[in-house]
Amino acid sequence: DLEREQQSRYFLWAGLAFLLTIIFFVVHRIRIVGKKNVEIERQKKVVEEQKEEITDSITYARRIQRAILPAESFIHEHFPDSFILYLPKDIVSGDFYWAQKVNDTLLFAVADCTGHGVPGAMVSVICHNSLNRCVREFGLTDPGHILTKCRELVIEHFTESNEQVKDGMDIALCCWNRSTNQLVYSGAHNSLYLVRNGELSEFIGNKQPVGYFENAKEFSTEELEVKQGDRIYLSSDGFPDQFGGEKGKKFKYKPFKQLLLSSSTESTDRQKEIIRDTFTNWKGNYEQLDDVCIIGIEV
């Protein structure tokens, strides 16, 4: 009996020791997990704060970028029958629209800079400033001369450092003399679309960007006389290149030009709605691929 009692005590103490060991490891594990959770929450909070700071900075950068775009009052005064569809992919954009008045001529353009988001926006500021310098500092009004000089300024800006940067922009640029109704166009990859009497004509610019390009040539110009009722369109490639539809394919240029033509009988405000709704419906649940910028003007 004494031996059994000793064995019972032995198993009891052994069981208690085993139980305490388990409890120790469980408590220790809970503490480790708790510390990890606290650290995870701390790191999560840090990341969220950093993300918020970055978002706030980019949002403020959007205000700065929007400030360099032509004012709505300028657009309404000089282009009363017009629309601008401006849909950045991110908070800031690599696309921008530009306009200047020189005596009796109006210069206007849609530009698509390398990249999108923050990198694209940084390039857009450089290209926008270069366009302004061409007109204000060098007194240029011919679109071909402007783009040729602008390319020189952009390359000059990027070659000031040791970094090899080949960024620049594609652009469609027009100079419209309202007294003579003469329109002069020059383009870098981006076309000019003209709708007259139910027909669409496309004027294709040079196949070279405003930026570094091997065997670059001076930009050419096209002169045309516009008539009352004509509609002029400038666009970046964001809409035609957008994936969507039932098969997830690009919208492409032919349907895009057909969209411009078919909606050209509507008011400019209504046409803007049609183009925007078409883009939204086509995109559906697909991610927006690039910035979108389209200008439409009725003469």
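Residues numbered from 1 in each chain as written. Predicted model: local features only at pLDDT ≥ 70, side-chain atom pairs only at ≥ 80, totals over all residues. Heavy atoms only, no water.

Caption draft 1: Spotlight on unusual backbone geometry. The backbone of Asn-103 sits at a positive phi, close to 55°, despite the residue not being glycine. Note on placement: Asn-103 falls in the loop between strand E2 (95-102) and strand E3 (105-113). Positive phi is not limited to glycine here, since His-189 has a value of about 75°. The topology assignment puts His-189 in the loop between strand E5 (182-188) and strand E6 (192-196). (Helix = DSSP H or I, 4+ residues; strand = E, 2+ residues; numbered from the N terminus.)

Caption draft 2: Here's a closer look at the pattern of salt bridges. The final tally for this structure, using the stated rule, is nine salt bridges. Taking the shortest distance from any N to any O, the salt bridge between Asp-90 and Lys-89 comes out at 3.7 Å. On the accessibility criterion, Asp-90 (33% relative accessible area) is partly exposed. The salt bridge involving Lys-149 is made with Glu-152; its shortest N-O contact spans 2.9 Å. On the criterion of helical spacing, the pair formed by Lys-149 and Glu-152 is a turn pair, its members being three residues apart in helix H4 (residues 143-158). (Salt bridge = Lys/Arg side-chain N within 4 Å of Asp/Glu carboxyl O. Buried < 20%, exposed > 50% of the residue type's maximum accessible area, 1.4 Å probe, protein only.)

Caption draft 3: Spotlight on the sheet that holds strand E10 (residues 231-235). Strand order in the open sheet formed by five strands is E1-E13-E10-E6-E7, and the pairing between neighbours is antiparallel. With one partner strand each, in any of the chains shown, strand E1 (82-87) and strand E7 (199-203) form the two edges of the open sheet. Geometrically, the sheet is characterised by an average inter-axis angle of 15° between neighbouring strands, direction not taken into account. The pairing of E6 with E7 spans five bridges and is classified as antiparallel. For Leu-194, the partnering residue across the bridge sits in E7 and is Ser-201. Running at roughly 25° to E1, helix H6 (residues 268-283) makes contact with E1, E10 and strand E13 (292-298) of the sheet. (Pairing = 2+ DSSP bridges. Axes fitted to C-alpha atoms, helices over the stretch in contact; angles between N-to-C directions. Contact = heavy atoms within 4.5 Å.)

Caption draft 4: Region of interest: helix H5 (residues 253-262). Where H5 is concerned, the buried positions are Phe-256, Leu-259, Leu-260 and Leu-261. Tucked inside the fold, the buried residues of H5 contact E6, E7, E10, H6 and E13.

Caption draft 5: Inspection of H4 at higher detail. A rise of 1.5 Å per residue sets the reference length of H4, with its 16 residues, at 22 Å; its end C-alpha atoms lie 22 Å apart and thus fit the reference within 8%. Among all positions of H4, only Pro-143, Gly-144, Ile-146, Leu-147, Thr-148, Lys-149, Cys-150, Arg-151, Leu-153, Val-154 and Phe-158 are buried. For H4, the secondary structure elements touched by its buried residues are E3, helix H3 (117-136), strand E4 (168-177), E5 and strand E8 (210-211). Regarding H4, its N-cap is Asp-142, as a side-chain oxygen of that residue lies 3.0 Å from the backbone nitrogen of Gly-144 further along. (Expected span 1.5 Å × (residues − 1). Polar contact = N/O pair within 3.5 Å; in protein donor to acceptor, adjacent residues only side chain to side chain.)

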